[in-house]
Amino acid sequence: MMIKINIAANIVTKPILAESILETGALLNISQAHFDPTRGEVVAEITSDQFRKIKDSLVSKGAEVLVLDTPISRDEEECVECGACISVCPVKVFSFADDWGLEVDSDKCIQCGTCIKMCPHNALTLGH
Amino acid sequence: MVKKTIHEINGKIRDGSVNVVTAEEMVDIVGELGAEGAAKEVDVVTTGTFGAMCSSGVWLNFGHSEPPIRISKMWLNDVEAYSGVAAVDAYIGATQQSQSKGMDYGGAHVIEDLVRGNSIDIHGISPGTDCYPRKVIDTTINIYDLNQAIMLNPRNSYQKYNAATNSTNHTLHTYMGALLPHNGNVTYSGAGVLSPMHNDPNYETIGTGTRIFLGGTQGYVVGEGTQHSPAAGFGTLMLKGDLKEMSPEYIRAATFKGYGSSLYVGMGIPIPVLNEDIAKATAVTDDDIVTNVLDYGIPSRDRPVLRTVTYGELRSGSIDINGKEVPTSPMSSFKKSREIANELKQWIRNGEFFVSMPVERLPRDTACNAMKQTNANPHVMDIMSSDVTTIREDAGFHDAAKVIMEKQFNHLPVVDSGNHLVGIVTAWDISKAVAKDEHNLVKDIMTRKVVTANPDEAVDVSAFKLDSNNVSALPVIDSNRHVVGIVTSDDISKLLARRH
Ligand code: SF4
Ligand code: SF4
């Protein structure tokens, strides 16, 4: 499952991710990370049996953990299968099938929202 | 030498013996039988494309009101249509945007709504004349209430199109979609192997009067499109068709974020195989069609060509740019292009569509020239102030405050030990630092993402950068990132004030 870890400004300089990984032994597979002086945001994949313990560990250190359970969805009526969304997705959710139709592997989605802005036909939404 | 006439082919369409294949299928047929064998075997090759055609629009005739009005300005669902023609005619263009909804709804959306049979609110105004006394008209119509709704696209079905990428450090929003920073992606348009004009590059069968597939119905080629530039491989067509007969399957409004609206138009052209040269031309493949990858990061008419590329490479999903594998995205739908080529094939097979010869050939020698500009085009170096003081990033913010006060500058570019620009501080950053009472070095309070200008950049480009980034000054830097000047929104406003 995909999770998002928000790290507030007051703890952004502390190695809380590394600490939690060492403490729990959970294999956190980080797919996106964004840090600046005001906050940190990490998107990662974790197996569901390891989720509880890493969440507890991160939360105890002051982070916020959200489950990303509403991946990208496509309105098939609106979509013209142009493929414009393919190249902007950082985790390759979109690809062409053999018949040049669009394939959407939404399990991989980290909900960054980039493809929504790219789609010329307003066919993509998050959170439904 | 095989020779066929249009009459013979249409005879075969009539008696059901015609052999039609799509341009994709033709590749293998010519591969197997050779051009001569294929020319004997195949009578018609169908093509198709479905992509954004900004240069699209529709002529509408509303009929006369009581009392009559000669409309001088009008809006359809709040999108302005051009009505400076006669009394109750107007042309709605795909890229015109709504006055209230902005980029999210434009002429293209009005056109799609019409095709879908939806109601459209009309508002028209007029100065009033003796013969047309009415001054305002407000009504609600749908496509069935119109006398005519004739699609007329001044420039469509580009023979091929440049591919786009972006070398800058920020995302660009263009009619080629979102272009990620540092050449993060490449977008392209066009149907490659199915591309209508590439299957008849000498325009032997495509010309004025050619009957085509347009938006799900029969349409016609009016002649060459605007910017028709055949020598460069950028031929274009002007097309017409009856919007009332079109289908929302093939006429779809689009919005490119940060750019505006456009219309996806499905069109396809049948190529009658009159001889083996035509058969050979219709065997064109994605690997035979070459186009340029342009850097849209350079806001100039002459965008640099990063490399040439074939449609085969573009359609493989990624291409190499300066040693980096970059993912590619088409903007047009190959699946729908294929559907169009197949639908057209079916029409011909069923005897519902007959091929035609052009009544006039398209010009082969016109060029697309640049605009003649008679007014000087000022550059940043002409208006920038070269009297610019910089400050080192490791200076204290009190020093920055002092410079700002003494020099009465609002913007202070920040440089590193090698004098390269690394940030900018403004009087506002300093006030913030004072109020918070927590930082003391310039590098802690400066903005690191500085929007800059080049000395030889057109002033219009700087004006756009100031506007779209919501900043009030741009440090001007040379190729070594050394600060050579500064240009402010004041400098530009003064210049523009003189221009108007
Ligand atoms: S960009 Fe939009 S319309 Fe095009 S394939 Fe993706 S979801 Fe469909
Ligand atoms: S939101 Fe879109 S671009 Fe982002 S990960 Fe999901 S599918 Fe990919």
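Residues numbered from 1 in each chain as written. Chains lettered and ligands numbered in written order. Predicted model: local features only at pLDDT ≥ 70, side-chain atom pairs only at ≥ 80, totals over all residues. Heavy atoms only, no water.

Undergrad: Please provide a residue-by-residue account of the overall build of chain A, values included.
TA: A tally of helices and strands in chain A yields three helices and eight strands. Mapped from its N terminus to its C terminus, chain A presents α and β elements in the order β-α-β-β-α-β-β-β-β-α-β. The C-alpha extent of chain A, read off along each of the three principal axes, is 50 × 30 × 20 Å. A burial count over chain A gives 45% of its 128 residues as buried. Looking at chain A alone, contacts between residues at least 24 apart form 62% of all its contacts between residues at least 6 apart. Only carbon and sulfur atoms are counted for the fraction: they give 51% of the accessible area of chain A, which is about 6600 Å². (Helix = DSSP H or I, 4+ residues; strand = E, 2+ residues; numbered from the N terminus. Buried < 20%, exposed > 50% of the residue type's maximum accessible area, 1.4 Å probe, protein only. Contact = heavy atoms within 4.5 Å. Areas by Shrake-Rupley, 256 points an atom, 1.4 Å probe, with all protein chains shown as cover.)

Undergrad: Tell me what's going on with the sheet that holds strand β23 (residues 270-272) of chain B, and back it up with residues and numbers.
TA: In a beta sheet, neighbouring strands pair by backbone hydrogen bonds and run either parallel or antiparallel. All names here are of chain B. Within the open sheet, the three strands sit side by side as β1-β2-β23. Their pairing is mixed. The open sheet is flanked by β1 (20-22) and β23, the only strands paired with a single partner. Strand after strand, the sheet turns through a mean of 25 degrees between neighbouring axes, direction not considered. Sheet analysis places strand β2 (residues 44-46) next to β23, joined by three bridges and oriented antiparallel. The residue bridging Val44 from the neighbouring strand is Pro272, located in β23. Helix α2 (residues 23-41) rests against β1 and β2 of the sheet, and its axis sits at about 105 degrees to β1. (Pairing = 2+ DSSP bridges. Axes fitted to C-alpha atoms, helices over the stretch in contact; angles between N-to-C directions.)

Undergrad: So, the domain arrangement of chain A: which residues are in play, and what are the values?
TA: Residue and element names in this part refer to chain A. By the assigned domains, chain A splits into domain 1 (2-67) and domain 2 (72-126). Once you take the C-alpha centre of each, domain 1 and domain 2 turn out to be 27 Å apart. Carbon and sulfur atoms supply 65% of the area that domain 1 and domain 2 bury against each other, a total of about 360 Å² over both sides. Among the residues of domain 1 in contact with domain 2, Met2, Gln32 and Val43 are the three that bury the most area, contributing 78% of the side total. In this structure, the connection of domain 1 to domain 2 is made through zero residue pairs in polar contact (both at pLDDT 80 or more). Its residues assigned to classes, the side of domain 1 that touches domain 2 comprises two nonpolar, two polar and no charged. (Domains from an automatic or database assignment. Buried area = accessible area lost by both parts, 1.4 Å probe. Polar contact = N/O pair within 3.5 Å; in protein donor to acceptor, adjacent residues only side chain to side chain. Nonpolar A, V, L, I, M, F, W, Y, C, P; charged D, E, K, R; others polar.)

Undergrad: Let's hear about the nonpolar core: which residues, and what values?
TA: Counting 112 residues, the largest nonpolar core has Phe94(A), Met26(B), Phe62(B) and Leu243(B) as the members making the most contacts within it. Ignoring any residue separated from it by four or fewer positions in sequence, one finds Met26(B) in contact with Val21(B), Ala38(B), Val42(B), Val45(B), Val273(B), Ala279(B) and Thr282(B). Of all hydrophobic cores here, the second largest spans 17 residues; its members include Ile5(A), Phe51(A), Ile54(A) and Leu58(A). (Core = buried A, V, L, I, M, F, W, Y, C linked by side-chain atoms within 4.5 Å.)

Undergrad: Run through the site of ligand 2, naming residues and quoting values.
TA: Around ligand 2 sit Ile72(A), Cys89(A), Pro90(A), Val91(A), Val93(A), Phe94(A), Cys109(A), Ile110(A), Gln111(A), Cys112(A), Gly113(A) and Cys115(A), and that is every residue in its neighbourhood. Considering only residue class, the shell around ligand 2 consists of 10 nonpolar, two polar and no charged. (Near = heavy atom within 4 Å.)

Undergrad: Describe the interface of chain A and chain B, naming the residues involved and giving the relevant values.
TA: How big an interface is tends to be reported as the loss of accessible area on association of its parts. At the junction of the two partners, chain A supplies 24 residues and chain B supplies 28 residues. With both chains or domains summed, chain A and chain B bury close to 1900 Å², and 55% of this area falls on carbon and sulfur atoms. By the criterion of area lost to chain B, the three top residues of chain A are Ser87(A), Trp100(A) and Pro120(A), representing 31% of everything that side buries. Between the two partners, chain A and chain B, sit one salt bridge. Between Lys335(B) and Glu81(A) there is a salt bridge whose closest N-O contact spans 3.1 Å. If you look at where chain A meets chain B, you find 12 residue pairs in polar contact (both at pLDDT 80 or more). Among the elements that take part in the side of chain A that touches chain B, helix α3 (residues 114-118) of chain A stands out by supplying four residues, more than any other. (Salt bridge = Lys/Arg side-chain N within 4 Å of Asp/Glu carboxyl O.)

Undergrad: For helix α1 (residues 16-24) of chain A, give the residues involved together with the corresponding values.
TA: Residue and element names in this part refer to chain A. Along α1, the residues classified as buried are Ile16, Leu17, Ser20 and Thr24. End-on, the buried residues of α1 take up no more than an arc of 105 degrees, which puts them together on one face. The elements touched by buried residues of α1 are β1 (2-8), β2 (29-36), β3 (39-45) and α2 (48-60). Taken from the residues just after α1, Gly25 is the one with a positive phi, measuring 70 degrees. (Arc of directions from axis to C-beta.)

Undergrad: Run through the site of ligand 1, naming residues and quoting values.
TA: Lining the immediate environment of ligand 1, one finds Cys79(A), Val80(A), Glu81(A), Cys82(A), Gly83(A), Ala84(A), Cys85(A), Leu102(A), Cys119(A), Pro120(A) and Leu124(A). Classifying every residue of the shell around ligand 1 gives nine nonpolar, one polar and one charged.

Undergrad: Describe the pattern of salt bridges, naming the residues involved and giving the relevant values.
TA: Under the counting rule described, the total for this entry stands at 18 salt bridges over all chains. Note that Glu41(A) is salt-bridged to Arg39(A), the shortest N-O span being 3.1 Å. We classify Glu41(A) as partly exposed; its relative accessible area is 23%. Ionic pairing is found between Lys4(B) and Asp43(B), a salt bridge with its closest N-O pair at 3.1 Å. Placement of Lys4(B) in the segment before α1 (6-15) and of Asp43(B) in the loop between α2 and β2 is noted, with a sequence separation of 39 residues between them. Residue Lys4(B) is classed as buried on the basis of its relative accessible area, which comes to 12%. Connected through salt bridges with shared partners, the residues Lys4(B), Lys12(B) and Asp43(B) form a single ionic network.

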